[in-house]
Structures are given as structure tokens and as C-alpha cells.
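# A structural walkthrough
The lines below spell out each chain.
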Number of protein chains: 2
Amino acid sequence: MTITITAFEKSPDGGKGLARDTRVRWALEEVGEAYEVRLVSFSAMKEPAHLAIHPFGQIPTYEEGDLALFETGAIVFHIANRHAGLLPDNTNARARAITWMFAAVNTIEPPILELVTARILEGDKPWTQERLPLIRDRIRNRLEQLSVHLGGDDWLDGPFSAGDLMMVSVLLRLRPSGMLEEFPKLAAYVARAEARPAYQRAFAAQLAINDPARQ
Amino acid sequence: MTITITAFEKSPDGGKGLARDTRVRWALEEVGEAYEVRLVSFSAMKEPAHLAIHPFGQIPTYEEGDLALFETGAIVFHIANRHAGLLPDNTNARARAITWMFAAVNTIEPPILELVTARILEGDKPWTQERLPLIRDRIRNRLEQLSVHLGGDDWLDGPFSAGDLMMVSVLLRLRPSGMLEEFPKLAAYVARAEARPAYQRAFAAQLAINDPARQ
């Protein structure tokens, strides 16, 4: 059955790989599944046809036969659960890898989203410059704990897993801020993940859509 | 094997059920699994023994034999995955229920956490009163979309699932704000979930620890 995902017709980041379809592309590349992409405009995302598969009017979505999913974490989990390569077979190790998927989206990402929100939605507010250091310190607290956990290991818990894929995808959102470089172990962790051929293919595929030369 | 979870020795909410151990208790009650509780103080949460099972020094954790997990969403998923009652057997319906678990923690909860952060960590800042309406409007956007999706249904996708358990738990954090009542369908959805005997038992168990009469 053909897998079809959705992505921005024109990504707000201009192809830096921060749009969430990159996470899904990466997972599909890791497990070696081909996929098709349907591009959606900002206005189409808010229309009934798209809202029928994504109640919050965002991308990405995932369609395969009768199944339609939204929410990146859930899509990556679905791919990892159905194919070998992104979750360990051992029951306990598998539960721990899934733990890191949730930690990425519910412990690490919320303060990072606050930074994005402050910059974009409250960028013109008089308080934002004074707030940014507070938000950065909250992010640093989490990064410090994450860095301690990682220690000298390559990945969060044993071999590379969907937990690492989600965590690295979340950490990449910090790249524009320069904060990742304050934590050398995490910077190396992210670089290790970006060097994976599957990530490279996913990144190139989203860039090809947003490449100015293509417009 | 005995299941042991951790909870606050003294919950910051005084037993209103908003501490995240309630989510895990509720899941265990729904599937009929007995569990023990180890109470941890705020200082013990930051000590090596606790950090060894929870890298971010929080509660709840979940221990069962050799397995130690943290991160509420992951613990609820682990319980739902191993026992009947919280996830449909049908493959596609199961994937959709898991989608709602991730939507709860990664789409609905982040703006709600911003409200909590603004009130608690930035409560003394001069900008907070002016920021609160902006945050509330971002929450309302999501609640409106969620309410439209729910429509006249009892639960988010077919029978009650771990997706509803997580979503209701996240929405309950809004109760002190009064915002839930602006969306009658969501208020009724939350009330329907709270009326479940499993939720009632979970709520009573966490309240018993925080009951002033017990101190």
C-alpha cells in the first residue's frame, strides 16, 4: 500500500529541516519504506478536506490504505512499530525507547516551543527581550539533565531508536539559538544523528521542495 | 510482579489530582492492576537514587521487576499496551488511539504548560498580566479545534481509550482557569471521564496522601 504524507508547500523555515514532516521522512528512510508527498498550502491546511485527517490543521499527516494519522510522534511510532530498525525487539528495551519518544515531545520540547512562541508570536512585545533569558535558562536545565544522562554514550538507551530520532529532531529546533553548542555532548549527539544516511536523505528530500532554485 | 510507582510526598496542588501520578494511577485502575506507591520528597527527587530512574528528577516513575520507566505518556502507553481495556485490538483503531495520546501531550498540553509557567515561574513579572490573555487565546484555538473534532461523540475515537485518558488529564489542568467551561462539549467530555469508577479510585488514592486530616 502506498504511504502518503503531507508537507508544507512552502516551509516557513525555507528548507532547514525543522518542519515536522522531516521527522516522518527520517523514520521512513530508516526503515526503508518508500513514500509519496502531498504538498499543502497554508490556506488548504485550514480547509475541510485537510481538517478531516488533521483536526488541528497542521502537517504532517500519514495515509496508508484506510488508515489516516496525524501527530508526528504517533506517526513515527506507527512506522517504528510496524517495521524493524527503530525499536528494539526486547520488551523492556522497547518500552524504554518509547519512553524517550515521549520525553522528547513532553519534557524537552515544551520549553523549546516557548522560545519559538516568544520569538514569533510575541516577537513584537515589549517584554520579549527580557523574557528570552528566562526561557533559555529553563531550556538549559533540561539540556543539562539530558546531557548527564547521555554521558559518553552514542545514543540515549542502547542502539539508535525512534527515541533518538524524536529527541534529535526536537533538539534541532535549538540550532538557530546557538544553545546546543553549550552542551558539547548533546551537540555531538545531534551531529551523529545528522550523519546517518537516512537523515541525509530525509533532509535532502524536504530541501528539494523548498530550494529557491526550484521555485 | 509488583508494580511500584512514585508520587509526591506532598503534592503542590494539595490533592486536586493534577500531579501526574494521577494519570498512571488511573490507567492502572482502568486495567485492574494493583500497585504500590513510593512517596518522594522534593529533595529526594534530585538525589542520585531517584535520578537513576528519572533523569529529569520528577514523578511519576514505574518499576516492575527489571523494568524502570519514567515519563507519564510512556508509562500509560506501557500499561495500555500490556493489558486489555485501554487500546483497541484493531490495528488501525489502535494507531488512532495512540495518536490522541501524542496529541494530548504535544499539541494540547504545551500551551497549557505555558499558562502554568506564566503563573508560577513568571507570576511576579511585570508583563505577566498582559501576557495571560495571549496565552489563553492560544489555548482557546486548540480547544476550539478539539471541540469541533469531538462533536457529539462521547470519546475522541470510538470507545474510551488511553488517548482519552491522556487528553482528559491534560484538560483537567485548565480547571483552575475556568476556561474549560467556555467549551461545553469539552467540559461534558471531562466530566464523563471523571465519572468513571477507575478515575474516582485514582483520584481518591492521591487525595488520601494529601488529605490534611491525614497529616
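Every value quoted in this text rests on a predicted model; they were computed, and no experiment measured them.

## Let's talk about the packing of aromatic side chains
According to the stated counting rule, one finds 20 aromatic pairs over all chains in the structure shown. Ring centres of F8 of chain A and F42 of chain A lie 5.4 Å apart, and the angle between their planes is 40 degrees; on these two criteria the pair is classed as tilted. Of the two residues, F8 of chain A sits in strand 1 (residues 3-8) while F42 of chain A sits in helix 2 (residues 42-45), which places them 34 residues apart along the sequence. Overall, F42 of chain A belongs to the partly exposed group, its relative accessible area being 48%. Ring centres of F70 of chain A and W100 of chain B lie 5.2 Å apart, and the angle between their planes is 75 degrees; on these two criteria the pair is classed as edge-to-face.

## Observations concerning the environment of K185 of chain A
Residues and elements named next belong to chain A. Mapped onto the elements, K185 comes out in helix 8 (residues 184-194). Residues K185 and P110, 75 residues apart in the sequence, show an inter-C-alpha distance of 21 Å. If we ignore the near neighbours within four places in the chain, the residues touching K185 are S147, L150 and G151.

## Remarks on the packing of helix 4 (residues 72-82) of chain A against helix 4 (residues 91-120) of chain B
Two elements in contact, helix 4 of chain A and helix 4 of chain B, have axes separated by 8 Å at closest approach and are oriented at 140 degrees. Comparing the axis directions of helix 4 of chain A and helix 4 of chain B gives the class oblique. Here helix 4 of chain A runs over helix 4 of chain B; the crossing is right-handed. Here G73, A74, F77 and H78 of chain A of helix 4 of chain A lie close against helix 4 of chain B, whose contacting residues are A95, I98, T99 and F102 of chain B.

## Things to note about the sheet that holds strand 4 (residues 67-70) of chain A
Residues and elements named next belong to chain A. Pairing within the open sheet is mixed, and its four strands lie in the order 2-1-3-4. In this open sheet, the two edge strands, each paired with only one partner strand, are strand 2 (36-40) and strand 4. Pairwise comparison of adjacent strand axes, ignoring direction, gives a mean angle of 20 degrees for this sheet. Where strand 3 (residues 61-64) lies against strand 4, four bridges are found, and the strand directions are antiparallel. Across the sheet, E63 pairs through a bridge with A68, a residue of strand 4.

## Section: the side chain of T117 of chain A
Secondary-structure assignment places T117 of chain A in helix 5 (residues 91-120). Exposure remark for T117 of chain A: the relative accessible area of 14% places this residue in the buried category. Once you skip the residues sitting within four places of it in the chain, T117 of chain A turns out to touch E122 of chain A together with E114 and R138 of chain B.

## Digging into the relation of the copies chain B and chain A
Mapping chain B onto chain A calls for a rotation angle of 180 degrees and an axial translation of 0.0 Å; the resulting RMSD is 0.0 Å. Both chain copies can therefore be described as sitting about a two-fold axis. Among all C-alpha atoms of chain B, that of P110 of chain B lies closest to the rotation axis, at 2.7 Å. The fraction of interface residues of chain B whose copies in chain A are also interface residues reaches 100%, indicating that both copies meet through the same surface.

## Focus on helix 7 (residues 162-172) of chain A
All names here are of chain A. Where burial is concerned, most of helix 7 is hidden: 11 out of the 11 residues are buried. Regarding helix 7, the residues found buried are A162, G163, D164, L165, M166, M167, V168, S169, V170, L171 and L172. In this structure, the buried side of helix 7 is in contact with helix 1 (21-31), helix 4, helix 5, helix 6 (128-150), helix 8 and helix 9 (197-210).

## What about the nonpolar core?
A general feature of soluble globular proteins is that nonpolar side chains tend to end up buried together. If you look at the biggest cluster of nonpolar residues, it comprises 124 residues, and the most contacted ones within it are M167 of chain A together with M167 of chain B. Discounting residues that sit within four places of it in the chain, M167 of chain A has contacts with W100, A103, A104, I108, L146, L156 and Y189 of chain A.

## As for the pattern of salt bridges
Summed over the entire model, instances satisfying the criterion amount to 36 salt bridges over all chains. Close ionic contact of R23 of chain A with E109 of chain A constitutes a salt bridge, the shortest N to O distance being 2.8 Å. You can see R23 of chain A sitting in helix 1 and its partner E109 of chain A sitting in helix 5, a full 86 residues away along the chain. Like R23 of chain A, the residue E109 of chain A is buried in the burial classification. Salt bridges here are not isolated pairs; linked through shared partners, they connect E114, E122, R131 and R138 of chain A together with E114, E122, R131 and R138 of chain B.

Rules behind the numbers
- Residues numbered from 1 in each chain as written.
- Chains lettered and ligands numbered in written order.
- Predicted model: local features only at pLDDT ≥ 70, side-chain atom pairs only at ≥ 80, totals over all residues.
- Heavy atoms only, no water.
- Phe/Tyr/Trp six-rings, centres within 6.5 Å; stacked < 30°, edge-to-face > 60°.
- Helix = DSSP H or I, 4+ residues; strand = E, 2+ residues; numbered from the N terminus.
- Buried < 20%, exposed > 50% of the residue type's maximum accessible area, 1.4 Å probe, protein only.
- Contact = heavy atoms within 4.5 Å.
- Axes fitted to C-alpha atoms, helices over the stretch in contact; angles between N-to-C directions.
- Parallel < 35°, antiparallel > 145°, perpendicular 65-115°, else oblique.
- Left-handed = near helix turned anticlockwise from the far one by under 90°.
- Pairing = 2+ DSSP bridges.
- Least-squares fit on C-alpha atoms with pLDDT ≥ 70 in both.
- Core = buried A, V, L, I, M, F, W, Y, C linked by side-chain atoms within 4.5 Å.
- Salt bridge = Lys/Arg side-chain N within 4 Å of Asp/Glu carboxyl O.

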